[in-house]
Structures are given as C-alpha cells and as structure tokens.
Amino acid sequence: MKAYEFEIVLRGQSPKVWRRVLVPAELTFSQLALIFNLAMGWEKGADFSFLLPHKKMIITELSEGQEHGERLKEAAVVQICRHLERAGAFLYL
C-alpha cells in the first residue's frame, strides 16, 4: 500500500511545534484535514483549504452548488495521490 509521510509544522512558533503522520495515498483531502486536526489536537473547523503552489491550485470544502474550476477543487472527492506526487510542500489553512 502506498503512503505519504507528512511533517506538520506551525509557522511562527518558537519552539517549533510539529507532528509527523503517515497516511494512505488513497485518502481525500477532507480526510487528510481531519487527520491533521486530530494530530494537532484541534477541533474540526468548518473551513479549511490546501494551497498547492506547484499547481497554482486550492483544494477546499465547497458549498453545495458552488462552481468548481480548474484551480479550485472539492476536497471531499479529490484523492491526495492525484496532486501530491511532486508537491514537496503545501499549506494547510
């Protein structure tokens, strides 16, 4: 089974606050957001976004009826393996 290892680092914190997680490649971005929240001890927030600078793309939870574009993707249906092969780093907001 293919998997990804992520190091989650909070920006602007001293000392450095971080966690490392290993997740299956078939997860959706919504599932990944839940894992990030659990790993950091956060409550699940209503809004989140993944910014993928290498693809100039935002993956987020879209409201029903909200248009999907080439650069805006629905987190509940997009698997992480489709966009993170060469990502290197991305932002979770």
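Computed from a predicted model, the values in this text were never measured in an experiment.

Attention now moves to the overall build of the protein chain. Within the protein chain, the regular secondary structure consists of 1 helix and 6 strands. Along the chain direction, N to C, the helices and strands of the protein chain fall in the order β-β-α-β-β-β-β. Here the protein chain, with 93 residues, has 33% of them falling under the buried criterion. In the protein chain, once contacts between residues fewer than 6 apart in sequence are set aside, the share between residues at least 24 apart is 45%.

What the largest pocket holds in volume is close to 560 Å³. Lining the largest pocket are 18 residues, and of these Glu7, Val9, Phe90, Leu91 and Tyr92 lie nearest its centre. Considering every element that reaches the lining of the largest pocket, the biggest residue donor is strand E1 (residues 3-9), with 6 residues.

As for its position among the elements, Glu74 is in strand E5 (residues 72-74). Among the polar contacts made by the side chain of Glu74, one reaches the main-chain amide nitrogen of Ala76 at a distance of 3.2 Å.

With that out of the way, let us pick up the side chain of His83. Relative to the helices and strands, His83 resides in the loop between E5 and strand E6 (91-92). For His83, a relative accessible area of 10% gives the class buried. Those residues within four positions of His83 in sequence are excluded, and the remaining contacts are Phe29, Leu52, His54, Lys55, Met57, Ile59 and Val78.

Below, the discussion takes up the nonpolar core. Among the nonpolar cores identified, the biggest contains 23 residues, and Phe6, Phe29, Leu32, Phe50, Ile80 and Leu84 are the most heavily contacted of them. Residue contributions to this core peak at 5 residues, all from helix H1 (residues 29-40).

What follows is about the packing of aromatic side chains. Using the criterion set out here, one finds 10 aromatic pairs in the structure. Between Phe6 and Phe36 the ring centres are 5.6 Å apart and the planes differ by 80 degrees, which places this aromatic pair in the edge-to-face class. Here Phe6, found in strand E1, pairs with Phe36, found in helix H1; they are 30 residues apart in sequence, far enough to count as distant. Like Phe6, the residue Phe36 is buried in the burial classification. Aromatic side chains Phe36 and Tyr92 sit 5.4 Å apart centroid to centroid with 85 degrees between the ring planes, which places their arrangement in the edge-to-face category. You can see Phe36 sitting in helix H1 and its partner Tyr92 sitting in strand E6, a full 56 residues away along the chain. Residue classification places Phe36 among the buried residues on the basis of a relative accessible area of 3%. One aromatic cluster is present, formed by Tyr4, Phe6, Phe29, Phe36, Phe48, Phe50, Phe90 and Tyr92 through successive ring pairs.

The next thing to look at is H1. Spanning 12 residues, H1 covers 16 Å between terminal C-alpha atoms, matching the ideal 16 Å at 1.5 Å per step. Turning to H1, its buried residues are Phe29, Ser30, Leu32, Ala33, Phe36, Asn37 and Met40. Relative to the axis of H1, the buried residues are bounded by an arc of 160 degrees and lie together on one face. On its buried side, H1 packs onto E1, strand E2 (18-24), strand E3 (49-52), strand E4 (57-60) and E6. Two residues or fewer past H1, Gly41 is found with a positive phi of approximately 80 degrees.

Criteria and thresholds
Each chain has its residues counted from 1, running along the sequence as written. Reporting of local features is limited, given that this is a predicted model, to residues whose pLDDT is at least 70; pairs of side-chain atoms are given and counted only at 80 or more, and all residues count toward the totals for whole chains, interfaces and linings. Side-chain numbers here rest on the full set of heavy atoms in the structure, without hydrogens or water. Numbering goes from the N terminus for both helices and strands, where a helix is a DSSP run of H or I of at least four residues and a strand is a run of E of at least two. Residue burial is assigned from relative accessible area. The probe radius is 1.4 Å, only protein chains are included, and a residue is buried under 20% of its type maximum, exposed over 50%, and partly exposed in between. Only heavy atoms matter for contacts: two residues are in contact if any of them lie within 4.5 Å across the pair. Each cavity reported here is a set of points on a 1 Å grid over the protein atoms alone in which a 1.4 Å probe fits but cannot get out, each pocket an open set with protein on both sides within 12 Å along at least five of seven lines, and each lining residue one with an atom within 4 Å of a point. Grid points are joined across faces, edges and corners, and a volume is the space filled by probe spheres set on the points. Side-chain atoms alone can form a polar contact between residues adjacent in sequence; in general such a contact is a pair of N or O atoms within 3.5 Å, and within protein one must be able to donate a hydrogen while the other accepts it. Definition of nonpolar core: a set of buried residues of the types Ala, Val, Leu, Ile, Met, Phe, Trp, Tyr and Cys, connected through side-chain atoms within 4.5 Å. The aromatic pairing rule takes the rings of Phe, Tyr and Trp, using the six-membered ring of Trp, and pairs them if the centres are within 6.5 Å, calling planes under 30 degrees apart stacked, those over 60 edge-to-face and the rest tilted. Each residue after the first adds 1.5 Å to the expected span of a helix. Taken from the helix axis, the directions to the C-beta atoms give the arc we talk about.

Honestly, that's just the spatial picture; any functional story needs more than this.
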